[in-house]
Amino acid sequence: MEQLIQQLINGLSLGSIYALIALGYTMVYGIINLINFAHGDVYMLGAFIGFGLITILKMSFLSALLISMVSCAIIGMVIERVAYKPIRKSSRIAALITAISVSLFLEYGTMYFVKPESRAFPQVLDNKTIELFGGKFMVSSIDIWIVVITVVLMVVLQYVIHKTKMGKAMRAVAMDSEAAQYMGISIDKTISFTFAIGSALAGAAGVLVGVYYNSINPLMGVMPGLKAFVAAVIGGIGVIPGAMFGGYFLGMTETMVSAYGGSLYKDAVAFAILIVVLLIKPNGLFGKNVKEKV
């Protein structure tokens, strides 16, 4: 039992990262029903921006984190304006192909400028081991940083969505975009703001991953992006609490699978869980059944 609890504690940091990325997926889908497969690559850009700020400009961890979030928010808005806005009324397959194209452009464009080699992320936080409950459980200080920053960002996100004017506009557009437009809400501004918030969270996750794994590369966003998408679908795509739950659930599950000797199969387990959830509850654990009128 102690080993089980220890692995759950270890999975909190990985789950926090998945949850931050999954929030971007679920927010964009909730607003415009688009699966933004380039979202994982925005997370990769956040890691490289943080890397440059820390190594070249010698910034502190928190300063690099905030600037990376702002930079990724701007990148997200540019992607939405240039790539997604022109095909907003097109078919879903056109939007899907565009998202994949943007993803490949970001990956190989970054690879062209920074080369494909992995880079060692600087150790900007002291990695101390902290004992809990008289030494029964162990947790690193970096894990605590990641969980605390993630919780703070999630609380801020909930405040923005439920207490601000733009957050109310986001909820209105997600519920009925045409009715929201008749009420004077700017659809374009709301969508851009949604992309900005989601991309900022992905940028934060990128910096946290750099600190956690001490290594970054231009293709680092592919698998975490897919897993964050899995987390969003497990929780219920378009449902923010579902994305949070899915991220933590997937992170803890992967950590436990690796700890019990199945590290080679942790990716397969993640996608197997997705298949099971879709078979049992296609709309996700927190999703609601929506009936379409013919």
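Note that the coordinates shown come from a computational prediction; the quantities given were computed from them, not determined experimentally. (Residues numbered from 1 in each chain as written. Predicted model: local features only at pLDDT ≥ 70, side-chain atom pairs only at ≥ 80, totals over all residues. Heavy atoms only, no water.)

Colleague: Quick rundown of the overall build of the protein? Include the residues and the values.
Modeller: When helices and strands are tallied, the protein shows 11 helices and four strands. At 19 Å, the protein has a C-alpha radius of gyration in line with the 19 Å of a compact globule built from 294 residues. A principal-axis box enclosing the C-alpha atoms of the protein has dimensions of 60 × 45 × 35 Å. Buried positions account for 47% of the 294 residues belonging to the protein. Excluding contacts between residues fewer than 6 apart, the proportion of contacts in the protein whose partners are at least 24 apart in sequence is 76%. Put simply, the protein shows about 15000 Å² of open surface, and 67% of that area lies on carbon and sulfur atoms. For the protein, the distance from the average site of its 21 positive side-chain charges to the average site of its 14 negative ones is 10 Å. (Helix = DSSP H or I, 4+ residues; strand = E, 2+ residues; numbered from the N terminus. Rg over C-alpha atoms; globule rule 2.2 N^0.38 Å. Buried < 20%, exposed > 50% of the residue type's maximum accessible area, 1.4 Å probe, protein only. Contact = heavy atoms within 4.5 Å. Areas by Shrake-Rupley, 256 points an atom, 1.4 Å probe, with all protein chains shown as cover. Lys, Arg positive; Asp, Glu negative; His and termini not counted. Charge placed at Lys NZ, Arg CZ, Asp CG, Glu CD.)

Colleague: Break down unusual backbone geometry for me, with residues and values.
Modeller: Within the chain, K58 stands out as a residue other than glycine whose phi angle is a positive 60°. The residue K58 is located in the loop between α2 (39–55) and α3 (61–84) in this model. What makes K58 exposed here is its relative accessible area of 67%. A positive phi angle, near 70°, is found at K115, a position not held by glycine. By the secondary structure assignment, K115 is in the loop between α4 (92–114) and β1 (119–120). In this structure K115 comes out as partly exposed when scored by relative accessible area, which is 48%.

Colleague: Before we move on, can you summarise the layout of surface pockets with the specific residues and values?
Modeller: The volume enclosed by the largest pocket comes to roughly 1800 Å³. Y29, G30, I31, N33 and A174 are the residues nearest the centre of the largest pocket, which is lined by 47 residues in total. Listed by contribution, the elements that provide at least two residues to the lining of the largest pocket are α1 (2–32), α4, α5 (141–163), α6 (165–175), α7 (177–182), α8 (187–213) and α10 (240–259). Split by residue class, the lining of the largest pocket holds 25 nonpolar, 13 polar and nine charged. Approximately 270 Å³ is the volume attributed to the second largest pocket. As for the second largest pocket, its lining consists of 16 residues, of which Y43, V209, Y213, M220 and P224 are closest to the centre. Broken down by secondary-structure element, the contributors of at least two residues to the lining of the second largest pocket are α1, α8, β4 (215–216), α9 (222–235) and α11 (266–280). Along the lines of polarity and charge, the residues of the lining of the second largest pocket split into 10 nonpolar, two polar and four charged. (1 Å grid on protein atoms, 1.4 Å probe; cavity = no way out; pocket = protein on both sides within 12 Å on 5 of 7 lines; lining within 4 Å. Points joined across faces, edges and corners; volume = space filled by probe spheres on them. Nonpolar A, V, L, I, M, F, W, Y, C, P; charged D, E, K, R; others polar.)

Colleague: Give me the packing of α9 against α11: which residues, what numbers.
Modeller: Where α9 contacts α11, the axes come no closer than 10 Å and their chain directions differ by 25°. Judged by the angle between their axes, α9 and α11 are roughly parallel. For the pair α9 and α11, the sense of crossing is left-handed. Only K266, D267, A270, F271, I273, L274, V277 and L278 of α11 make contact with α9, whose side of the interface consists of M223, L226, K227, V230, V233 and I234. Partitioning the contact of α9 with α11 into residue classes produces 11 nonpolar, no polar and three charged. (Axes fitted to C-alpha atoms, helices over the stretch in contact; angles between N-to-C directions. Parallel < 35°, antiparallel > 145°, perpendicular 65-115°, else oblique. Left-handed = near helix turned anticlockwise from the far one by under 90°.)

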